[in-house]
Amino acid sequence: MNLNQVKKLMERKKTSHKGENGYALVIGGSEEYAGAPAIAGLAALRAGCDLVTVAAPDKVAWNINRTYPDLITKKFPGKYFTLKNAKDLIRLTDKFDAVLIGNGISRKSDKCVQQFMKKCPRPKVVDADALKSLSFKDFQNSLLTPHQRELELMLVNSKKEFLLPKLKKANAKEMAEILQGNLKYFLQNNNVLLVKGATDIIISKNKISYNRTGNPGMTKAGTGDILSGLAVGFLAKTKDYFKSAVAAAYINGLVGDLLLKKKKGYSFIASDILEDLVKVNKSLSKK
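This structure is a prediction, so every number in the text was calculated from the model and none was measured. (Residues numbered from 1 in each chain as written. Predicted model: local features only at pLDDT ≥ 70, side-chain atom pairs only at ≥ 80, totals over all residues. Heavy atoms only, no water.)

**Considerations on unusual backbone geometry**
(1) Moving on: Phi angles above zero are rare outside glycine, and Lys 239 is one such case at about 65 degrees.
(2) Moving on: Assignment of secondary structure puts Lys 239 in the loop between α10 (223–238) and α11 (241–263).
(3) Moving on: Given the relative accessible area of 41%, Lys 239 is considered partly exposed.
(4) Moving on: One non-glycine residue, Lys 264, lies in the positive phi region at around 55 degrees. (Helix = DSSP H or I, 4+ residues; strand = E, 2+ residues; numbered from the N terminus. Buried < 20%, exposed > 50% of the residue type's maximum accessible area, 1.4 Å probe, protein only.)

**Things to note about helix α6 (residues 148–157)**
Counting along an α-helix, one turn takes 3.6 residues, and residues three or four places apart therefore face a common direction.
(1) Moving on: Those residues of α6 that fall on the buried side of the exposure criterion are Glu 150, Leu 151, Glu 152, Met 154 and Leu 155.
(2) Moving on: Each element contacted by the buried residues of α6 is listed here: β6 (142–144), α7 (164–169), α8 (172–182) and β7 (191–195).
(3) Moving on: Note on α6: the residue one or two positions beyond its end, Lys 159, has a positive phi of about 60 degrees. (Contact = heavy atoms within 4.5 Å.)

**Notes on the packing of aromatic side chains**
Ring pairs (aromatic) are described by centroid distance and by the angle formed between their planes.
(1) Moving on: All chains considered together, the criterion is met by three aromatic pairs.
(2) Moving on: Centroid distance Phe 136 to Phe 186: 5.1 Å. Interplanar angle 70 degrees. Geometry classified as edge-to-face. With a gap of 50 residues between them, Phe 136 in the loop between β5 (124–126) and β6 and Phe 186 in helix α9 (residues 184–187) connect regions that are remote in the sequence. For the pair Phe 136 and Phe 186, a shared accessibility class is recorded, and that class is buried.
(3) Moving on: Of the aromatic side chains, those joined through ring pairs into one cluster are Phe 136, Phe 139 and Phe 186.
(4) Moving on: A cation over a ring is seen here: Lys 75 above Trp 62, with NZ or CZ 4.2 Å from the ring centre.
(5) Moving on: It is Lys 220 that lies over the ring of Phe 268; its NZ or CZ is 5.8 Å from the centre. (Phe/Tyr/Trp six-rings, centres within 6.5 Å; stacked < 30°, edge-to-face > 60°. Lys NZ or Arg CZ within 6 Å of the ring centre and 35° of its normal.)

**Re the environment of Lys 168**
(1) Moving on: Turning to its location among the elements, Lys 168 is positioned in helix α7.
(2) Moving on: Along the chain, Lys 168 and Gln 148 lie 20 residues apart, while their C-alpha atoms are 9.7 Å from each other.

**Quick look at the environment of Ser 106**
(1) Moving on: Relative to the helices and strands, Ser 106 is located in the loop between β4 (98–101) and α5 (110–119).
(2) Moving on: Of the residues examined, Ser 106 reaches a relative accessible area of 7% and is grouped as buried.
(3) Moving on: Between the alpha carbons of Ser 106 and Tyr 80 there is a distance of 7.5 Å; along the sequence they are 26 residues apart.
(4) Moving on: Beyond its immediate sequence surroundings of up to four residues, Ser 106 is in contact with Ser 30, Tyr 80 and Asp 129.

Below is the structure:
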């Protein structure tokens, strides 16, 4: 992918009205991780969707209201999401074009996540702790964004741990082919897998793409939240899981590479990526 292809995903009609470019819902946050859903929500806005709402435990949501006026919040009582919240979260998704779940959500919300994934039909991006208690058979209409450890947990949950020795020895191309060949049920269920790494691998049932933008500084906390936020922002507008995944990986890594040069090292943080996404948007508008 290149900037021109990303521009096509972000183009708007001159007569565009509010909501035509997508409404995204981010479900996440917990007592320990208050910043993650906000970072993801801001990234979704930077991807070009019109509106982002963050559903979060009430203290997390109030903090987001005070700090980030561009984000709307839906507040839930308690420090974590519980099974009791699943029904209300599923009902809430009806108002949105795409949903991101998992950023900062905590493993204490596993039961809520499991029920949510069973019942929510909306297009979804699933990240972080929302992945860790699930198997690949639990998903439909979903874009998954695991890093290496999360992928390993999901393979164990799916009773496919026999793949782990092969994957550890594989290069990016071999890994993609192994996963595509062994996750056919998952991929045929309108799902896409984006495995984050030195080379990001994006896999659908009939396509594979590799993203090589990015650098070792991208291992810092929050960069994954930006990637999944970009993905749900693109998905809310385009409804295209594969293109949204490829664009998110490319842009996230590209900005990381620009920051590596500007900072002359790995001192940049996730918030810097959010700020410099503005420069990428400006360059897109000039093309």
